[in-house]
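Listed here are the chains, written in short residue letters.
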Amino acid sequence: MIDPIILQQGSDWRAQAEVFDEIFFVFLALGTLVGTIVVAYTLWNVFKYRDDGSEPKEDFDAPIVGELPTGQGGPKAKKLFLSFGLSAIVVISLVVYAYGLLLYVEEGPDTSDAGNIEITVEGYQFGWEYIYPNGYSTRGEMIVPADQRIDLNVTSRDVWHNFGSSELRIKSDAIPGEYSSTWFSVSSEDVEAQGGEATYRVECFELCGAGHSAMTGQITVLPQDEWEEWYAGTQGENTSSVDSAGAGNASSVDNAVIRGAPA
Ligand code: CUA
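Nothing here was measured: the structure is a model prediction, and the numbers come from that model.

### Description of the overall build of the protein chain
A count of helical and extended segments in the protein chain gives seven helices and ten strands. Going through the 263 residues of the protein chain one by one, you find that 21% of them count as buried. Long-range pairs, those at least 24 residues apart, make up 65% of the contacts in the protein chain with a sequence separation of at least 6.

### Some points on the sheet that holds strand β5 (residues 150–156)
Judged by pairing direction, the sheet is mixed, and its five strands sit side by side in the order β3-β2-β1-β5-β8 without closing on themselves. Of all strands in the sheet, those bounded by a partner on one side alone are β3 (137–139) and β8 (180–184). Mean inter-strand twist for the sheet, computed between neighbouring axes without regard to direction, equals 25°.

### Section: the sheet that holds strand β10 (residues 217–222)
The strand order β4-β10-β9-β6-β7 describes an open sheet built from five strands, whose pairing is mixed. Each of the sheet's edge strands pairs with one partner strand only, and the pair in question is β4 (141–145) and β7 (170–174). For this sheet, the mean inter-axis angle between neighbouring strands, taken without regard to orientation, is 20°. Sheet strands in contact with helix α5 (residues 224–233) are β4 and β10, and its direction is about 125° off that of β4.

### Let's talk about the UniProt feature "transmembrane region" (unreviewed entry) in the protein chain
According to UniProt, the feature "transmembrane region" (unreviewed entry) maps to residues 23–44 and 80–105 in the numbering used here. Secondary structure across residues 23–44 comprises 100% helix and 0% strand; the distance between its end C-alpha atoms is 31 Å. Note that residues 80–105 is 100% helix and 0% strand, and that its end C-alpha atoms are spaced 37 Å apart.

### Observations regarding the nonpolar core
In terms of nonpolar packing, the biggest core is built from 29 residues, with I119, V121, Y130, F184, V186 and V221 touching the most fellow members. When contributions to this core are tallied by element, the ones reaching two or more residues are β1 (117–124), β2 (127–131), β4, β5, β7, β8, β9 (198–204) and β10. For I119, the residues in contact, after removing those within four places along its chain, are Y130, I131, Y132, M142, I150 and L152.

### Let's talk about the pairing of β1
Where β1 and β5 come together, seven bridges link them in parallel fashion. Its bridge partner being in β5, T120 is matched across the sheet by N153. The pairing of β1 with β2 spans five bridges and is antiparallel. Paired with T120 across the strands is I131, a residue of β2. Linkage of β1 to β2, two consecutive antiparallel strands, is achieved through a turn of two residues.

### Re the confidence of the model for the protein chain
Summary statistics for the protein chain give a mean pLDDT of 79 and a share of 77% for residues scoring 70 or more. For the protein chain, the element scoring lowest by mean pLDDT is helix α6 (residues 241–247), at 36; strand β6 (residues 161–165) scores highest, at 94. Here residues 1–11 is a poorly scored stretch, pLDDT under 50, and it has seven contacts once near neighbours within four places are set aside; other chains count. Low confidence marks residues 238–263, where pLDDT is under 50. Its contacts with residues over four positions away, or in another chain, come to 36 contacts.

### Considering unusual backbone geometry
Only a minority of non-glycine residues have a phi that is not negative, and only a minority of peptide bonds are not trans. For the peptide bond that leads from Q125 to F126, omega is 0°, which places it in the cis range. Mapped onto the elements, F126 comes out in the loop between β1 and β2. The phi angle at D147 is positive, at roughly 60°, despite the residue not being glycine. With respect to the helices and strands, the residue D147 is situated in the loop between β4 and β5.

Thresholds, definitions, all that
Residues numbered from 1 in each chain as written. Predicted model: local features only at pLDDT ≥ 70, side-chain atom pairs only at ≥ 80, totals over all residues. Helix = DSSP H or I, 4+ residues; strand = E, 2+ residues; numbered from the N terminus. Buried ≥ 20, exposed ≤ 12 C-beta atoms within 10 Å, placed from the backbone. Contact = placed C-beta atoms within 7 Å. Pairing = 2+ DSSP bridges. Axes fitted to C-alpha atoms, helices over the stretch in contact; angles between N-to-C directions. UniProt positions renumbered as here; feature names shortened; annotations may be inferred. Core = buried A, V, L, I, M, F, W, Y, C linked by C-beta atoms within 7 Å. pLDDT = per-residue confidence, 0-100.

See below:
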C-alpha cells in the first residue's frame with residue numbers, strides 16, 4: 001500500500017521537506033474545505049430554523065440530552081449517518097495517507113544502488129561538529145553532495161541538544177551516549193536554483209545553556225563532482241581510526257576534531 005506511493009515518483013527520491021509540505025498542504029486544503037462546508041451549513045440551519053415566533057410552542061421537538069435525534073429513521077437519521085460516514089471516511093483516509101508518508105520519512109528512500117553518505121553530528125556547548133566517513137571533520141559547516149541520501153547520526157558530547165534545519169524539515173535529538181538518526185537529500189535542481197551552492201541554516205532546538213541561541217550552523221550542498229573534489233582533498237588530513245592506527249596515533253574522534261577543524 002505504501003510502496004506504490006513512492007514508486008509513482010519514479011526514480012526521484014522525495015526530500016523530507018517535500019513530503020511534509022505535501023502533508024501540510026493536503027491537511028490545510030481539506031481542513032479549509034470541510035470547515036467552510038460545516039460553518040456554512042451551520043449558519044444556514046441557524047437561519048432556517050430561527051425562532052420567528054410562528055411555530056406553536058406545543059409542537060416544538062426539542063432535542064433531549066443523551067438521546068440521538070434519530071427521527072425514527074426519517075431524514076434526521078439519514079443526515080446523522082451521512083455525516084458520521086463522511087467524517088469516518090475522511091479521517092481514516094487521512095490517517096492511512098499520512099502514516100504511509102511518515103513511514104517513508106522514517107525509513108528514507110532506498111538508495112542501495114547509489115550508496116549513502118553517513119555523517120556523525122556531534123553537538124557541544126555551543127556548536128556542531130560533523131565527522132565524515134573518512135574521519136575528517138568540520139565545525140559549523142557540513143558539506144555534502146547533491147542528489148545523494150545523507151544519513152546523519154546525531155549525538156552530543158555534553159548536554160542535550162537538538163539538531164535541526166527548518167528549511168530541510170529535519171530535526172533530531174542530540175543526547176550524550178546515544179545516537180539518533182535522520183536523513184536528508186537535496187536535489188541538484190535545488191542547488192542550481194541557489195546558484196550552484198545551496199545553503200541551509202542549522203539550529204539547536206533544545207535549550208542547552210547560555211549559548212543556545214547562538215548554536216547555529218550551516219549545511220552546504222555542492223554539485224556531486226565539486227563535492228567529490230572537496231572530499232578527496234580532505235583525505236590528506238584524514239585522521240580516521242584506520243589510518244591513525246597504522247601511524248600509531250590515537251584513533252579517537254577528538255584527534256580528528258582538533259586536526260580537522262577548519263580555520
Ligand atoms: Cu544546543 Cu541548544
